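Next come the chains, spelled out residue by residue.
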Amino acid sequence: MVYKLKESLVLRVLSGLGDFKWFAHFIISVVVVSLSPAVLTAGDNGPCIECHTKPDKLKTAEKAKIDPVTGEIRVVSMLIDEGTFKASAHGGEDFFCTDCHQDLEGADLSEGHKPNLKPVDCITFCHDDPAEDYLQSSHVKLMKENNRDVPTCKDCHAGLTYHYTPMGEKSPRDVPRGTDPVHRRLTIESCGTCHQEYLSSYRNNAHGQVASLGYTTIDIPVCFDCHGKHKILNSEDPESKVGKERILETCGNCHANANASFVKHIEHPQIKNIKYYKKLLTALKNARSNPEDLKNLIKSPQTILCLVFVAYMGILAFTFSSFGVHSLLCWFATVRDEYKRKGHADEDQH
Amino acid sequence: MQMKISTNYLRFSLLHRFCHFLIIISFFGLVLTGMPLAFRNYDWARWLYELFGGYPTAGFIHRICALITFFAAFIHFIFLFYNVSVQKKKGFFWGPNSLLIQPRDVFDIIGDLKWFLGIGKRPDFDRWIYWEKFEYLSLMWGTLVMALTGLILWFPVQFTKIIPVSVAGIIDLPSIALIIHRYEAILAAGFIFTIHFFHTHLLPEKMPVDEAIFTGKITEEEFKHERLGQFKRLENQRLLENYKVAPPSLFVSFITRLFAVPILITGLIMVGFMFSALIVWAI
């Protein structure tokens, strides 16, 4: 072996230096073990990181991949940012590359491993629970009923990362933690791409207004803190996190001693939703033919919020227009008097 | 040529000046840490919120300033209570020294409108001009509304406990409080930074600040020009002498401007931001 030869050569030079022979042996064996590219064993990320952090050590640094479901072609980087990986949910002490890329275990690395690996199976061995929860969620049930494409794991989890490949594409490889503020902020936008109205009403709320300023630590609830992650159910469903039976517990996670009145809170106020006002107006128009509609709307806490909002818009408009005119007139009259006074003073001088 | 040194009169007592100072400090603290939440979609709001420490620091500053406001209101009502109930002083609720609206103010408004249109002379106002009364009363009302809604938002769980569950399904106290708190704040900040500033500090004769609220003193010329009614009344009652004071020293005037002008500019910049948001929203 090449390394054996090198070892003996270096050893001979070093041993000439005197009594440091044992020390030299130790140093060299450490170096040799860490450099040896023989066979990939489980429980060691070193050999993977060795090449996958340096583009010149890889045969191909970027690959085109075809998504098996959507048929989309994406450019995926083969480079790993070690820091990002360590910070990710999969970056713990006892996680190894071969845990996910199982077909690489025992691979011979002297010529490099085989180019195309099997797609990683997240569900079978590790994430079977969330997958099962997800299949029971409203997302899957309702959408299947309505014959619509159900969002896959990747629709939410891919692209939620902040590690960019050299091509500027987001890599799904770095799985962020649920406590990470950046990740939490991005999840709001992900949910918001489909649930736009809920996103904009959330931004009008006490929680959402802080999140809108960019603060999404675990103190500020984002969508999944209240609605759940995988098993998101309709609020009418008693098992839902925001349903009758569990809402006290959900709100109580942050608000100690949350009571039954407190949990009636409107998290999605419709004060800026023009559709709600239109609904109110049509209910008013049809008050005679269909009084039930109007009754229900009046009993809704949303209507009171909307009325308070409209009243304040009126107060603002009235105050600023009337007092604005008053201020301007006062200003002009003062200037006019000053001008007149100066004029008289000039006449007096002449 | 000889510079004529004018006579000065005391317009605001030390207590009132101190209360105004407390209100300035707390009001600006509240606006600068609260307004970013109302204008959360704009970059300046993010920048301003971060400047004050972001979440949760800005929130703590907001609450501390709220406590300062409570303290100022507390001093004010202790003052009122002491004068009315203990010292049995009269004229707090009626008469020229009262800040409450009276028939006289209606005539003042009509006279002032005539002056605006150039039909009449500027009315002879007494101690409080009608818009000053309005500003005082709206400050009282606004502080009450902001304090109540602010406390509901500060302690939502405790406040909702008072409300029965059946009512809570129709009246959502924290949400109503948030909407009122947000738009009352825009009303208050907008009013102070435009109407109050232009009526008192930024008038052509006062530019840049009316120092009376800081030094407490007003010259005879200003007194006669602004409140001729009060001047004549005091002269007739032979009380004018009681109000005579030494003119403010140059140092005090300088300190006043050093403090007041940057604060005034900050307020104008804030209202500029808020107004620009309105334009962006309208477009």
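Please read all numbers here as calculations on a predicted model, not as lab measurements.

1. So, the overall build of chain B
Looking only at helices and strands, chain B features 12 helices and 3 strands. Counting all 283 residues of chain B, 29% fall into the buried class. Look at the contacts in chain B between residues 6 or more apart in sequence, and 74% of them connect residues 24 or more apart.

2. Digging into the overall build of chain A
Of the regular secondary structure elements, chain A holds 16 helices and 2 strands. A total of 350 residues make up chain A; the buried ones form 17% of that total. For chain A, long-range pairs separated by at least 24 residues make up 51% of all intrachain contacts whose partners lie at least 6 apart in sequence.

3. What to know about helix 3 (residues 54-86) of chain B
Residue and element names in this part refer to chain B. With 33 residues, helix 3 ought to run about 48 Å at 1.5 Å a step, and its terminal C-alpha atoms sit 46 Å apart, in line with that. Considered for burial, the residues of helix 3 that qualify are Ala-58, His-62, Cys-65, Ala-66, Thr-69 and Ala-72. Here the buried face of helix 3 lies against helix 1 (14-38), helix 2 (43-51) and helix 5 (130-154). A positive phi of about 55 degrees marks Lys-88, the residue just after helix 3.

4. A word on the environment of B:His196
Residues and elements named next belong to chain B. Mapped onto the elements of the fold, His-196 is located in helix 8 (residues 173-201). Separated by 64 residues in the primary sequence, His-196 and Glu-132 place their C-alpha atoms 8.7 Å from one another. The residues contacting His-196, other than those within four sequence positions of it, are Glu-135 and Phe-191.

5. Details of helix 4 (residues 103-116) of chain B
Residues and elements named next belong to chain B. For helix 4, which comprises 14 residues, the first-to-last C-alpha distance of 21 Å matches the rise-based estimate of 20 Å (1.5 Å per residue) to within 8%. Of the residues making up helix 4, those classed as buried are Asp-108, Asp-112 and Phe-116. Take helix 4 and look down its axis: the buried residues cluster within an arc of 75 degrees, on one side only. Across helix 4 from its buried face, at more than 90 degrees, point the exposed residues Pro-103, Val-106, Phe-107 and Ile-110. Backbone geometry just downstream of helix 4 places Gly-118 in the positive-phi region, at approximately 80 degrees.

6. Structural notes on the UniProt feature "transmembrane region" (unreviewed entry) in chain A
UniProt feature "transmembrane region" (unreviewed entry): in the numbering of this structure it lies at residues 309-332 of chain A. Here residues 309-332 of chain A is 100% helix and 0% strand, with 34 Å between the C-alpha atoms at its ends.

7. Remarks on the packing of helix 1 of chain B against helix 3 of chain B
All names here are of chain B. Their axes nearest at 8 Å, the elements helix 1 and helix 3 cross at an angle of 155 degrees. As summarised for this structure, helix 1 and helix 3 are arranged roughly antiparallel, according to the angle between their axes. As helix 1 packs across helix 3, the resulting crossing turns out to be left-handed. Facing Leu-15, Cys-19, Leu-22, Ile-23, Ile-25, Ser-26, Gly-29, Leu-30, Thr-33 and Gly-34 of helix 1, the residues of helix 3 in contact are Ala-58, Ile-61, His-62, Cys-65, Ala-66, Ile-68, Thr-69, Phe-71, Ala-72, Ile-75, His-76 and Phe-79.

8. Comments concerning the confidence of the model for chain A
Residue and element names in this part refer to chain A. On average, chain A scores 78 in pLDDT, and the residues at 70 or more come to 79%. Note that pLDDT drops below 50 for residues 1-18; the model gives that stretch 11 contacts with residues more than four away or on any other chain. Long-range and interchain partners of residues 159-168, a stretch whose pLDDT sits below 50, account for 28 contacts in this model, where long-range means more than four residues apart.

9. Description of the interface of chain A and chain B
Across the contact, 41 residues belong to chain A and 42 residues belong to chain B. Ranked by residue count, the leading element in the side of chain A that touches chain B is helix 16 (residues 301-349) of chain A, at 19 residues.

10. A short note on the sheet that holds strand 3 (residues 244-245) of chain B
Residue and element names in this part refer to chain B. The strand order 2-1-3 describes an open sheet built from 3 strands, whose pairing is antiparallel. Edge strands, defined here as strands with exactly one partner in the open sheet, are strand 2 (217-219) and strand 3. Pairing between strand 1 (residues 8-10) and strand 3: 2 bridges, direction antiparallel. Bridge pairing in strand 3 places Tyr-9 opposite Lys-244.

11. Some details on unusual backbone geometry
Residue and element names in this part refer to chain B. For the peptide bond that leads from Tyr-55 to Pro-56, omega is 0 degrees, which places it in the cis range. Relative to the elements of secondary structure, Pro-56 occurs in helix 3. The residue Lys-88 is not glycine, and still its phi comes out positive at about 55 degrees. With respect to the secondary-structure elements, Lys-88 resides in the loop between helix 3 and helix 4. Accessibility expressed as a C-beta count within 10 Å gives 7 for Lys-88, which makes it exposed. At Arg-238, a residue that is not glycine, the phi angle is positive and equals roughly 55 degrees.

Conventions and cut-offs
Counting restarts for each chain, with residues numbered from 1 along the sequence as it is written. Chains carry letters and ligands carry numbers; both start at the beginning, A for chains and 1 for ligands, and go up in the order they are written. Since the coordinates come from a predicted model, pLDDT governs what is reported: local features require at least 70, and pairs of side-chain atoms require 80 or more to be given and counted, while whole-chain, interface and lining totals use all residues. Helix numbers and strand numbers start at the N terminus; a helix is a DSSP run of H or I with at least 4 residues, a strand a run of E with at least 2. Exposed residues have 12 or fewer other C-beta atoms within 10 Å of their own C-beta, buried residues have 20 or more, and partly exposed residues fall in between, where C-beta atoms are placed from the backbone. Contacts are defined on C-beta atoms placed from the backbone: any two residues whose C-beta positions lie within 7 Å are in contact. Expected span, for any helix, means 1.5 Å times one less than how many residues it has. The arc refers to the directions leading from the helix axis to the C-beta atoms. UniProt positions are given in the numbering used here, feature names are shortened, and annotations may be inferred rather than shown by experiment. Helix axes use the C-alpha atoms of the stretch in contact, all axes being lines fitted to C-alpha atoms, and the angles between their N-to-C directions lie in the range 0 to 180 degrees. Note on terminology: angles under 35 degrees are roughly parallel, angles over 145 are roughly antiparallel, angles of 65 to 115 are roughly perpendicular, and the others are oblique. In this scheme the crossing of two helices becomes right-handed for a clockwise turn of the near helix relative to the far one and left-handed for an anticlockwise turn of less than a right angle. What pLDDT expresses is the predictor's confidence in each residue, scored from 0 to 100. Following DSSP output, two strands are said to pair if at least two bridges run between them.

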